[in-house]
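# Summary of structural features
For reference, the chains in residue letters:
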Amino acid sequence: MLATLVAAAFGLVAGSFLGLCAWRLPRGESVAGPPSRCTACRRRLRASENVPLFSFALQRGCCRGCGAAIGWRYPALEIACAAAFAACWLGWGAAGDERGFIRAAFFAACLLALAVCDAECRQLPDEITLGGWAVGLALASWAGALTPALAASFGGAGVLAAVGLGYQRARRREGLGWGDVKMVGLLGAFLGFEGMFVAVLLGSLAAAVVGVAQMLGVTMARRRRGQSWRRARAAAATYLTTASLPLGVYLAAGAGIALARGASMWRAWIG
Ligand SMILES: [Zn+2]
């Protein structure tokens, strides 16, 4: 119980750092420095304003200097990361697999940061996809499972790149971003073939369902405004080609599920 709480506390601190990464990396800023600032007035934050959750609660979600709203993304990420770390501890650490815990917790943190970056900025920063991929391979090697991690990550990213290039050639527009390809490499390094397959399958299915629902929504809205079916359908098709779906968010959700069900699978895999 105590260990789970400690893991959750680490998750809070990590989640706070993720909030900074997810804001700065898509904007091309460094996460190493300068220290945390208010994004509205650029005032440097004092240590007491940087405590995960508590600062947000104490300041009622506002900057102490300019009064600008801090945004729910920060406490939400901190809580999500704390919950993820606690769950990873229960899945691996409590069973005596500390390496598995470190691996799972790091991976969960990458997934959370990528989901926020993609949802907010439609970006999957290389620092997280490629950086996480490299760390994933190093951790897999530490756990004695480098070969399957290498095969899954390069195999998965290769297949996705081929699909993306094929689509681009057939339709003459980019259907898949390179960020998605690199993210699948990251998934392979941490989940292995089976888990990566489950994650990509679930993620693509969820994205497809949301895409179809959005197209239906646009069609029905046009119909209510008195447009013909033909014009309404054409508007929906245009909407789908112009609005980019944040595939990374769905891949991250699928990977979270694959990670959760993979706890037992992983242990059997690594032995
Ligand atoms: Zn401020």
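Definitions and cut-offs
Residues numbered from 1 in each chain as written. Predicted model: local features only at pLDDT ≥ 70, side-chain atom pairs only at ≥ 80, totals over all residues. Helix = DSSP H or I, 4+ residues; strand = E, 2+ residues; numbered from the N terminus. Buried ≥ 20, exposed ≤ 12 C-beta atoms within 10 Å, placed from the backbone. Core = buried A, V, L, I, M, F, W, Y, C linked by C-beta atoms within 7 Å. Contact = placed C-beta atoms within 7 Å. Expected span 1.5 Å × (residues − 1). Axes fitted to C-alpha atoms, helices over the stretch in contact; angles between N-to-C directions. Left-handed = near helix turned anticlockwise from the far one by under 90°. Nonpolar A, V, L, I, M, F, W, Y, C, P; charged D, E, K, R; others polar.

In this section: unusual backbone geometry. In this model, Leu53 sits at a positive phi of 65°, which is unusual for a non-glycine residue. Looking at where Leu53 falls in the secondary structure, it is placed in the loop between helix 1 (2-24) and helix 2 (54-58). Taking the C-beta count within 10 Å as the criterion, Leu53 has 15 such neighbours and is therefore assigned partly exposed. The phi torsion at Arg122 lies on the positive side, around 55°, for a residue other than glycine. Given 16 C-beta atoms within 10 Å, Arg122 falls into the partly exposed group.

To continue, consider the nonpolar core. By size, the foremost hydrophobic cluster in this structure holds 66 residues, and its most contacted members are Cys81, Leu112 and Ala113. Looking at this core, the elements with two or more residues in it are helix 1, helix 3 (73-91), helix 4 (98-121), helix 5 (126-142), helix 6 (146-171), helix 7 (178-224) and helix 9 (247-270). Counting residues per element, this core draws most heavily on helix 4, which supplies 14 residues. Those residues in contact with Cys81 that sit more than four places away from it in its chain are Gly11, Leu12, Ala14, Gly15, Leu18, Ala109 and Leu112.

Turning next to helix 3. Here helix 3 is 19 residues long and its end C-alpha atoms lie 26 Å apart, about the 27 Å a rise of 1.5 Å per residue gives. Burial analysis of helix 3 places 14 of its 19 residues in the buried class, the great majority of the element.

What follows concerns the environment of Ala40. Mapped onto the elements of the fold, Ala40 is located in the loop between helix 1 and helix 2. As a C-alpha pair, Ala40 and Ala104 span 64 residues in sequence and 34 Å in three-dimensional space. Apart from the residues within four sequence positions on either side, Ala40 is in contact with Cys63, Cys66 and Ala68.

This brings us to the packing of helix 1 against helix 4. Where helix 1 meets helix 4, the axes come as close as 9 Å, and the angle between the chain directions of the two elements is 35°. Relative to helix 4, helix 1 is oriented so that their crossing is right-handed. Here Ala14, Leu18, Cys21 and Ala22 of helix 1 come into contact with helix 4, specifically with Ala109, Leu112, Ala113, Val116 and Cys117. Here the contact of helix 1 with helix 4 is composed, by residue class, of nine nonpolar, no polar and no charged.

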